[in-house]
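# A structural walkthrough
Spelled out, the chains give:
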Number of protein chains: 2
Amino acid sequence: MKPSRTSSSPAARKRAPAAAQGTRRRPRQERARHTARALREAFVQVLVERRSYAAVTVREVSLVAGTAIGSFYDYYSSMDDLARVSLHLRSKALLAALRGAGAEHEGAPLATKVQAIVRAVLARHQRTPREWAAHYLLERHFSSLQAYLAMYERFVQAWAHAIETASDWPKGASPATAALGAQTLLYGLVAHACMAAPEGPDMQALERTATRAIIACVHAAQDE
Amino acid sequence: MKPSRTSSSPAARKRAPAAAQGTRRRPRQERARHTARALREAFVQVLVERRSYAAVTVREVSLVAGTAIGSFYDYYSSMDDLARVSLHLRSKALLAALRGAGAEHEGAPLATKVQAIVRAVLARHQRTPREWAAHYLLERHFSSLQAYLAMYERFVQAWAHAIETASDWPKGASPATAALGAQTLLYGLVAHACMAAPEGPDMQALERTATRAIIACVHAAQDE
């Protein structure tokens, strides 16, 4: 069975060659992708219910996902592997939202771009606040320094691109400091709000606060 | 032997009544305080060297502190207990630096107060950057959500007091949003810089960036 492209499980990767020899490759790939996703969704659901990563078991995640316990390891080499993949994909979805909103307002002024980016990132949190609270807490406790710094850097780079392509950003000015400030505020305010109010923070207030703070902070860094 | 007042070890607390009956109480208290502090300093030193909390052992911490392995438990009930106390006291020292700098410039304008606070907090990091890198990483991985939120709230309150007693803060305006933004920037920028450059970040650049960003962010929240 070919594993989902998004799975980083060594166990799953090892099984890939054998699976690729199958004749009905397309349906199998789709089923594998579907199962891998079901396991990730089940993982987050159990994590939210148990309120502790240590309390999440392969048995329960498999049960909630509707798959056999034994096949868990076809997709993820361990619970830690599943946790890592889950954190990574959620962060990547936020990064895509940030980039997408920036690109949609390519030549717009800073204020417009910042507002669009904050709105797009918060929209991702709106429907499932408890999952995001669990995500941020797990990320804090679980992700390695290396993984954290690498992902943070990708967000800062995405901000830098959004800032330097704004119509009112001074030509030739480095966006590095402004981008770092913007990401510090967005990540800090959103993660803190989600962890402090897992039932769902006041998204409108959060959007207003984050937008204004980021715009002010970016403008203040224009000549650094 | 009476334990240090700063130790939260149940084991140490249990021994307190017996120790209080001693006749040479003052010297014993001082020796106990000294040993408790030596264990905390040894803990941080070993943590920095081993680069992983899991690799820190009671044996090595006791050895570095120059105390008998058996007496470790007179001061801390476990390594987790020592880690918690260590994190708590370091955070409290930063909080004191923040409050002290604010109080020193009680009726000054916002810009002056923010600059003094940022400078005081960074001065605490300057001499031992690797210890602070280890502190922030341990805090991230180890501290409970409850402990993190409680300490964060104390910092936000300290900022709120500093902001609303500034000479140019509008009378009657709530400092809550401004204080949250200030703490998000200070904590986020400093913790990230320490973790990204454990040998020591560029403190002058960090001071300039943090000061400007916080002043801008606080001003932007004046009418929220």
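For the structure itself, look to the data block above.
My aim in this report is to walk through the structure given alongside it, one point at a time. (Residues numbered from 1 in each chain as written. Chains lettered and ligands numbered in written order. Predicted model: local features only at pLDDT ≥ 70, side-chain atom pairs only at ≥ 80, totals over all residues. Heavy atoms only, no water.)

### Side note on the packing of aromatic side chains
All names here are of chain A. For clarity, the threshold we go by: Aromatic pairs are defined between Phe, Tyr and Trp rings, using the six-membered ring for Trp, whenever the two ring centres lie within 6.5 Å; interplanar angles under 30 degrees are classed as stacked, those over 60 as edge-to-face, and all others as tilted. Secondary structure counts use DSSP, requiring at least four H or I residues in a row for a helix and at least two E residues in a row for a strand, with both numbered from the N terminus. Only protein chains enter the accessibility calculation, which uses a 1.4 Å probe; a residue whose area is less than 20% of its type maximum is buried, one above 50% is exposed, and one in between is partly exposed.
All told, the structure shown has 16 aromatic pairs over all chains when counted by the stated rule. Seen in terms of ring centroids, Tyr 148 and Tyr 152 are 5.5 Å apart; in terms of plane orientation they differ by 50°. Their pairing is tilted. Here Tyr 148 pairs with Tyr 152, and both are found in helix α8 (residues 145-164), just 4 residues apart, close to one helical turn. Per residue, the accessibility class of Tyr 148 equals that of Tyr 152, and both read buried.

### Remarks on the environment of Ala 158 of chain A
All names here are of chain A. This is how the line gets drawn: Contact definition: two residues touch when any of their heavy atoms are within 4.5 Å.
Position of Ala 158 among the secondary structure elements: in helix α8. The spatial distance from the C-alpha of Ala 158 to the C-alpha of Gly 102 is 8.5 Å, given a sequence separation of 56 residues. Aside from chain neighbours lying at most four places away, what touches Ala 158 is Leu 95, Leu 98 and Arg 99.

### As for helix α8 (residues 145-164) of chain B
The test is simple: One fewer than the residue count of a helix, multiplied by 1.5 Å, yields its expected span.
Over its 20 residues, α8 of chain B runs 28 Å from end to end, which matches the ideal 28 Å to within 8%, given 1.5 Å per residue. Against α7 (129-142) and α9 (176-196) of chain A together with α5 (79-104), α6 (110-126), α9 (176-196) and α10 (203-220) of chain B lie the buried residues of α8 of chain B.

### Some details on the interface of chain A and chain B
We count it as follows: The quantity reported as buried area is the accessible area (1.4 Å probe) lost by two parts once they are put together, taken as the sum for both. Here a salt bridge means any side-chain nitrogen of Lys or Arg lying within 4 Å of a carboxyl oxygen belonging to Asp or Glu. We define a polar contact as two N or O atoms separated by no more than 3.5 Å, with the added condition that, inside protein, one atom must be a possible hydrogen donor and the other a possible acceptor, whereas residues neighbouring each other in sequence contribute only through side-chain atom pairs. All residues other than Ala, Val, Leu, Ile, Met, Phe, Trp, Tyr, Cys, Pro, Asp, Glu, Lys and Arg, Gly among them, are scored as polar; the first ten of these are nonpolar and the last four charged.
Counting residues at the interface gives 30 residues for chain A and 30 residues for chain B. Broken down residue by residue, the surface that chain A buries against chain B is led by Arg 140, His 192 and Arg 212 of chain A, which jointly contribute 25%. The tally of links between chain A and chain B comes to 2 salt bridges. If you look at where chain A meets chain B, you find 6 residue pairs in polar contact (both at pLDDT 80 or more). The set of elements that each furnish at least two residues to the side of chain A that touches chain B consists of α7, α8, α9 and α10 (203-220) of chain A. The leading source of residues in the side of chain A that touches chain B is α9 of chain A, at 11 residues. Classifying every residue of the side of chain A that touches chain B by side-chain character gives 16 nonpolar, 8 polar and 6 charged.

### Remarks on unusual backbone geometry
All names here are of chain A. Residues other than glycine seldom take positive phi values, yet Arg 51 does so here, at roughly 60°. With respect to the element layout, Arg 51 can be found in the loop between α2 (25-50) and α3 (58-65). When its relative accessible area of 66% is taken as the criterion, Arg 51 is described as exposed.

### Some thoughts on the state of the cysteines
Which entries qualify depends on this criterion: By convention in this document, the label disulfide applies to cysteine sulfur atom pairs within 2.5 Å.
This structure, assessed with the given rule, holds 0 disulfides over all chains. With no disulfide of its own, Cys 217 of chain B lies closest to Cys 217 of chain A among cysteine sulfurs, the gap being 6.9 Å. According to the relative accessible area criterion, Cys 217 of chain B is buried, its value standing at 3%.

### A look at the relation of the copies chain A and chain B
Threshold: Our superposition of the copies is a least-squares fit, built on the C-alpha atoms of residues whose pLDDT is at least 70 in both.
Superposition of chain A onto chain B requires a rotation of 180° combined with a translation of 0.0 Å along the rotation axis, giving an RMSD of 0.0 Å. Seen this way, the second copy is the image of the first under a two-fold rotation axis. No C-alpha of chain A approaches the rotation axis more nearly than that of His 141 of chain A, which lies at 2.0 Å. When the interface residues of chain A are mapped onto chain B, 100% of them again lie at the interface, so the same face is used by both copies.

### Observations regarding the side chain of Thr 177 of chain B
Examined against the element boundaries, Thr 177 of chain B turns out to sit in helix α9. With relative accessibility at 19%, the residue Thr 177 of chain B sits in the buried group. Not counting chain neighbours up to four residues away, the residues in contact with Thr 177 of chain B comprise Thr 209 of chain A together with Ala 221 and Glu 224 of chain B.

### Describing α3 of chain A
For α3 of chain A, the complete set of buried residues consists of Val 58, Glu 60, Val 61, Ser 62 and Ala 65 of chain A. Directly after α3 of chain A, the chain includes Gly 66 of chain A, whose backbone phi takes a positive value near 75°.

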